[in-house]
Amino acid sequence: MPNVATSMHLFDAIIKPILLYGCEIWSPLNFRDLKQNMPENFWGKLKMDFQVETRYERSDFHIERLHLIYCKYLLGIRKNAHNLAIYSELGRFPLYTEALRQSVKFYYHLQSTPISSLANKALLANQALNTNNADCWLKSLNRIMTQTDLREWYTDKSASKKVHLHLRERFKNYWYKRLQTDEAKTGQKGGNKLRNYRRFKTSFQQEAYLNCLSKQKYSQIAKLRIGCHALKIETDRFSSKSKYIDPEDRTCDLCDLGNKEDELHFLMECPYYKEERTQYTDKLKDCPSWGNLQNLEMEPMFIWLLTNENQVVLEHTSHFISECFEKRSSGIKLLGDKSTPKT
Ligand SMILES: [Zn+2]
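Owing to the predicted nature of the structure, the values given are computational and were not obtained by experimental measurement.

Reading the values: rules and limits
- Residues numbered from 1 in each chain as written.
- Predicted model: local features only at pLDDT ≥ 70, side-chain atom pairs only at ≥ 80, totals over all residues.
- Helix = DSSP H or I, 4+ residues; strand = E, 2+ residues; numbered from the N terminus.
- Contact = placed C-beta atoms within 7 Å.
- Buried ≥ 20, exposed ≤ 12 C-beta atoms within 10 Å, placed from the backbone.
- Arc of directions from axis to C-beta.
- Domains from an automatic or database assignment.
- Axes fitted to C-alpha atoms, helices over the stretch in contact; angles between N-to-C directions.
- Parallel < 35°, antiparallel > 145°, perpendicular 65-115°, else oblique.
- Left-handed = near helix turned anticlockwise from the far one by under 90°.
- Nonpolar A, V, L, I, M, F, W, Y, C, P; charged D, E, K, R; others polar.

## A few points about the overall build of the protein
Piece 1. Along the protein, the regular secondary structure elements total 17 helices and zero strands.
Piece 2. On the principal axes, the C-alpha backbone points of the protein span a range of 80 × 45 × 40 Å.
Piece 3. In the protein, of all internal contacts separated by at least 6 residues, the share reaching a separation of at least 24 is 63%.

As structure tokens, this is what we get:
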């Protein structure tokens, strides 16, 4: 299988043109304004400030759904992984940014067509509808440009490129705001699923580890970074009675420390994996930078390991994660067998 960079290039060259066929017409028509009575909380304000981004992020925008399925397959992770983490892990932008760029380009193309042509007549008809405030392609496009602070776009002949860059920049801002909030969409404090990811993800670009390991190995690291795994911090968000469980109360069943079973506890702290951790650190001692790092606190060390770009370190980290998850599965099964009453 080709590496991640090549696979994404193949997607852009072969699949994307099919998905975006005719998008200059249909992509603006997918956009509708939000109702004005949004709640006065973080999510309400975010939706109002980023109407275009939130509209096209919705899973009923079918071409984006396919784009994300491809990205998740490539990373080897489950379909319910957090979409925003997928984009930033691969340095990808949603396809609407490209679709709207083509719409703006098409608008200029229509303006340059001969007055007697059918295309030009269609543009004039759209302009008349727009003036009368009737729903039409041009009105939708204008509305998007207003929402994305690009209202003066039509005065500039090189607008399509600028629109593209501007939409990408806006998406990065949207991503950053979603990354930094502590609040889940349902309102619970500390409920943001990206709470671990933001510890180390600081820039929106494709990660180096994806292109120097086999898929089997890089997907182990991707699962832990993105929070797409079986640790209780992800699986125990709600009790059997659908009651929200605070992240601090999602404690590890495999040790007596009483700490939440999150990625940091699993990789760096839990005594249940002490043997595997010792073997892992023994292997890392051969790495050139190890001497300066061995006295680091737990969290800086965790960040160093999950952001490392050295192939040897990455190979060992992937193996360690895989071993620990295997041991965890056996441990949880054993606990389940013990707690099941014998008949
Ligand atoms: Zn533990």
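## Quick notes on helix α16 (residues 298-306)
Piece 1. Considered for burial, the residues of α16 that qualify are Phe302, Leu305 and Leu306. One face of α16 carries all of its buried residues, which in axial projection span an arc of 90 degrees.

## Brief notes about the environment of Trp290
Piece 1. Topologically, Trp290 is positioned in helix α15 (residues 290-293).
Piece 2. The exposure class of Trp290 is partly exposed, given the 13 C-beta atoms found within 10 Å.
Piece 3. When the C-alpha atoms of Trp290 and Ala208 are compared, they prove to be 20 Å apart, with 82 residues separating the residues in sequence.

## Notes on the domain arrangement of the protein
Piece 1. For the protein, the assigned domains are domain 1 (1-195) and domain 2 (211-339).
Piece 2. Of note, the centres of domain 1 and domain 2, computed from C-alpha atoms alone, are 35 Å apart.
Piece 3. Listed as interface residues are 15 residues of domain 1 and, on the opposing side, 11 residues of domain 2.
Piece 4. Secondary structure elements with two or more residues in the side of domain 1 that touches domain 2: α1 (4-19) and α6 (83-90).

## Here we look at the packing of helix α7 (residues 96-111) against helix α10 (residues 159-180)
Piece 1. Packing of α7 against α10 brings their axes to within 8 Å, and their N-to-C directions diverge by 155 degrees. Put simply, α7 runs roughly antiparallel to α10. Between α7 and α10 lies a crossing of right-handed hand. Here Thr97, Leu100, Arg101, Val104 and Lys105 of α7 lie close against α10, whose contacting residues are Ala159, Ser160, Val163, His164, Leu167, Arg168 and Phe171.
Piece 2. Partitioned by chemical class, the residues of the contact of α7 with α10 number six nonpolar, three polar and three charged.

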